[in-house]
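Breakdown of the fold
The residues making up each chain are set out below.
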Amino acid sequence: LHDSVHSFPTRRSSDLSENTKKDASASLLKTDSILFNRITDYYEAHITEHIKVEHLCKEFGIGRSHLQRIFREQTGYGAIEYFCQMRISAAKRCIRENRMNLTDTAASLGYTSIYYFSKQFKKITGMSPSQYQKMVRSSKKDPLYEQREL
């Protein structure tokens, strides 16, 4: 009886076939897509909160650059910019449904200042919340329907 040492071949990245590289890439894309969906679900559940990149990184166990890359690839926006888009989309829905006044709409989405809310709304939609509200009331439809809703 003799001792045999099992030697396992090591594979270098340069040895990987094109199919293996493609499979790895597809797997990464799927993983990023799943992660993106988990984060956007988190956004929806925390739409009224102030979210920071550092918190997202810690919550989902990813680095800042990875987080930003995922969002840029999936949406064209950064992670926080996308969250702001989601909040303003929610504000637009509230305004269209005429549920509450603009101050209450802002507060219901976690904005502590109506001025900051108005500034964000105008930055994203191109009009103030009150202008949007007037247009919705006068036309009974969304004047910004061509803009991508999140």
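Placed above this text is the structure.
Keep in mind that this is a model prediction, so the values were computed, not measured. (Residues numbered from 1 in each chain as written. Predicted model: local features only at pLDDT ≥ 70, side-chain atom pairs only at ≥ 80, totals over all residues. Heavy atoms only, no water.)

1. A few points about the nonpolar core
Within the largest apolar cluster, 34 residues are counted, with the highest numbers of intra-cluster contacts made by I39, Y43, L56, L67 and F71. Counting only elements with at least two residues in this core, the list comes to α1 (18-45), α2 (53-60), α3 (64-75), α4 (79-97), α5 (102-108), α6 (114-125) and α7 (129-139). (Core = buried A, V, L, I, M, F, W, Y, C linked by side-chain atoms within 4.5 Å. Buried < 20%, exposed > 50% of the residue type's maximum accessible area, 1.4 Å probe, protein only. Helix = DSSP H or I, 4+ residues; strand = E, 2+ residues; numbered from the N terminus.)

2. Topic: the pattern of salt bridges
By the definition in use, this model includes 4 salt bridges. Between R69 and E73 there is a salt bridge, with the nearest N and O atoms lying 3.4 Å from each other. Of this pair, R69 and E73 both sit in helix α3, 4 residues apart, roughly one helical turn. A salt bridge links E81 to R72; its shortest N-O distance comes to 3.7 Å. (Salt bridge = Lys/Arg side-chain N within 4 Å of Asp/Glu carboxyl O.)

3. With respect to the environment of S89
Along the chain, the position of S89 falls in helix α4. The exposure class assigned to S89 is buried, which follows from its relative accessible area of 5%. Separated by 36 residues in the primary sequence, S89 and T125 have C-alpha atoms spaced 9.3 Å apart.

Function-wise, these values are silent; they only describe arrangement.
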